[in-house]
Each structure stands twice: as C-alpha cells, then as structure tokens.
Amino acid sequence: HHNWFAVTIDFAIVVVGVFVGIQASNWNQARIERRQAREYRSMLQNDLDANLENLAMRTRYYGGVRKEALATLADLQRPSASLDDQFLLHAYQATQIQPWTLKRNTYDEILSVGAMANLGDPLLRDKIANYYVSSEVTGTNISFMPPYRDIVRRVMPYAVQQAIRARCNERIVQGSRGSVDILLPKEPCGLGMDATKVRQAVSQVRDWPGLALDLNRQLVDLDQKLLSVAAIAERAKALKTSLDETDRYE
C-alpha cells in the first residue's frame with residue numbers, strides 16, 4: 001500500500017522548493033539588474049558632465065570666432081588704406097571651426113547589451129533617447145560650414161596664413177576630464193610681415209567680390225551654432241536632474 005499522504009507531502013515540498021528556487025533566482029536577477037541600472041545611470045551622468053564641459057568650451061570658442069567675425073565686418077566698412085595685419089588676422093580667425101564630438105560611450109553600450117528597459121520608467125528612457133537624438137541633430141548643425149571659410153582661406157595668401165598659424169595660432173589646453181580646451185588667442189599679435197606684402201594681402205582679401213555678404217552668412221551660422229550648443233546643454237542638465245531623481249526615489 002502507498003502512503004498517499006506522505007507522497008502528497010513530498011510532492012508539495014518539491015513544488016514549494018522549485019517555486020522558492022525560481023523566486024530566489026528572479027529576485028537575484030532583479031537585484032543584479034537594479035544594480036546594473038544604477039551603474040549605467042551613474043556612467044551616463046559622468047558622460048553628461050563631460051559633455052557639459054565640452055559644450056561650455058564650444059560656447060567660449062564660437063563666441064570668440066563670432067567676435068572676430070564682427071571685427072572683420074567692422075573693418076570692411078573702413079578704407080582699405082587704414083587696414084593692417086589685424087584685419088587679416090580677424091578675417092582668418094572668423095573662419096575657425098571646432099569639429100563636433102560628444103561622449104556617448106555609455107549610451108551605445110546600453111543599446112548594445114539591451115539594458116535600456118532597466119534604466120527607469122518610460123519617461124526617463126524617452127528623455128535619454130531624445131537627448132542623444134538631439135545631439136546628433138546638433139552635430140549636423142555644427143558640421144555645416146558656410147562658404148566664407150573656404151573663400152578666405154582660398155583668397156588669403158599662403159604666406160599670411162602661415163604667419164597667423166605660427167604667431168597667432170589656437171592654444172590647446174588640457175581639460176579637467178582629460179579633454180582638450182581649444183582657445184583663440186586673447187591678445188592682439190603681429191604677423192611680423194613686410195608692410196608692402198601686408199597691404200597687398202589686405203587688398204586681395206578685402207576687395208574679394210561679395211565678401212561682406214559671405215561674412216554676414218557666417219555670422220548668422222555662428223549665432224545658430226551658439227543657440228544649438230545652448231539648447232543641447234540645457235537638455236543635458238535636464239537629463240542629469242531626471243537621472244538624479246530616479247536614483248533618489250528608486
């Protein structure tokens with residue numbers, strides 16, 4: 001005869017054991033995913049801090065380029081005979097660009113391992129995705145170059161451009177996070193060139209047909225770049241706040 005009561009007890013123990021084991025495994029997996037999500041949110045914040053530093057550098061940089069462009073525009077209103085090598089310097093520095101780079105290492109890793117769903121609620125995930133989509137759009141805007149840069153660097157004599165790069169070049173300063181800060185020269189600097197060659201170069205650049213119109217387009221583009229950088233910086237700050245709040249209330 002079978003002791004069905006004992007069999008039932010044994011079966012129940014096995015079922016309960018399996019259930020508890022599955023639950024323990026699920027709890028452990030959930031704990032691992034929560035810890036991983038916290039780590040990814042922390043890494044995203046570090047990337048955003050680096051990006052904010054980068055964007056602050058870009059604001060200073062494009063602000064300096066815009067200042068040079070305005071100085072060039074003012075110079076174009078003056079007689080050619082009153083201009084010197086500083087006009088050439090202003091015109092050249094107004095062509096400067098800063099290639100677009102923002103950190104997105106953590107976001108790309110999150111996408112590659114399929115961990116996006118664990119980062120937080122749908123609203124937070126949308127904010128993260130929208131920030132990186134917006135940064136790509138900003139990069140496209142930053143990468144656009146009006147014709148002014150090409151015109152000036154084509155028309156300005158090579159010897160003048162050499163002198164500018166030798167005496168009045170951009171300065172590269174190491175940032176606090178290992179990044180680089182590129183700065184335009186603050187103080188006026190002379191090119192050390194023969195006065196006759198300077199006058200010839202001034203006339204060659206200043207009298208180029210439509211230069212003032214191209215410079216006007218350059219200024220509009222610089223304004224747009226500054227607005228785009230400010231907008232993506234605000235998005236980065238807002239996303240940092242949302243990540244902080246998720247960590248606080250999780």
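Residues numbered from 1 in each chain as written. Predicted model: local features only at pLDDT ≥ 70, side-chain atom pairs only at ≥ 80, totals over all residues. Heavy atoms only, no water.

### Comments concerning the pattern of salt bridges
Applying the stated criterion across every chain yields a total of eleven salt bridges. The partner of R104 in a salt bridge is E136, and the shortest N-O contact between them spans 3.0 Å. Of the two residues, R104 is situated in the loop between α2 (85–93) and α3 (105–113) and E136 in helix α4 (residues 122–143); the sequence distance between them amounts to 32 residues. Classification of R104 by relative accessible area gives partly exposed; the value is 23%. Given a relative accessible area of 46%, E136 falls into the partly exposed group. (Salt bridge = Lys/Arg side-chain N within 4 Å of Asp/Glu carboxyl O. Helix = DSSP H or I, 4+ residues; strand = E, 2+ residues; numbered from the N terminus. Buried < 20%, exposed > 50% of the residue type's maximum accessible area, 1.4 Å probe, protein only.)

### Re the packing of α2 against helix α7 (residues 195–206)
For the pair α2 and α7, interaxial distance at closest approach is 9 Å and the crossing angle is 45°. Comparing the axis directions of α2 and α7 gives the class oblique. Crossing of α2 against α7: the hand is left-handed. On α7, the residues touching D85, F87 and L88 of α2 are V198, A201, V202, V205 and R206. When its residues are assigned to classes, the contact of α2 with α7 shows six nonpolar, no polar and two charged. (Axes fitted to C-alpha atoms, helices over the stretch in contact; angles between N-to-C directions. Parallel < 35°, antiparallel > 145°, perpendicular 65-115°, else oblique. Left-handed = near helix turned anticlockwise from the far one by under 90°. Contact = heavy atoms within 4.5 Å. Nonpolar A, V, L, I, M, F, W, Y, C, P; charged D, E, K, R; others polar.)

### Some thoughts on empty space enclosed by the protein
With the rule as written, the count across this model stands at one cavity of 30 Å³ or more. Size it by volume and the largest cavity reaches roughly 60 Å³. Around the largest cavity, the lining residues are Y62, T95, Q96, I97, F144, M145, P146, R149, Q218, D221, L222 and K225. If one sorts the elements of the lining of the largest cavity by residue count, helix α8 (residues 211–249) sits on top with four residues. (1 Å grid on protein atoms, 1.4 Å probe; cavity = no way out; pocket = protein on both sides within 12 Å on 5 of 7 lines; lining within 4 Å. Points joined across faces, edges and corners; volume = space filled by probe spheres on them.)

### Things to note about the nonpolar core
Within the largest apolar cluster, 55 residues are counted, with the highest numbers of intra-cluster contacts made by L44, L88, I128, Y131, M156 and I164. Listing elements by their share of this core, those giving two or more residues are α1 (4–75), α2, α3, α4, α5 (148–155), α6 (158–167), α7 and α8. The element that contributes the greatest number of residues to this core is α8, accounting for ten residues. With residues up to four places along the chain from it excluded, the contact list for Y131 reads L48, N51, L102, I232, R235, A236 and L239. (Core = buried A, V, L, I, M, F, W, Y, C linked by side-chain atoms within 4.5 Å.)

### Details of the packing of aromatic side chains
If you walk through the whole model with that rule in mind, you get three aromatic pairs. Between the aromatic rings of Y61 and Y62, the centroid separation amounts to 5.6 Å while the plane-to-plane angle is 90°, which identifies the pairing as edge-to-face. The burial state of Y61 is the same as that of Y62; both residues are buried. Summarising the aromatic geometry, the rings of Y131 and Y132 are spaced 4.8 Å apart at their centres and angled 80° between planes, so their arrangement reads as edge-to-face. (Phe/Tyr/Trp six-rings, centres within 6.5 Å; stacked < 30°, edge-to-face > 60°.)

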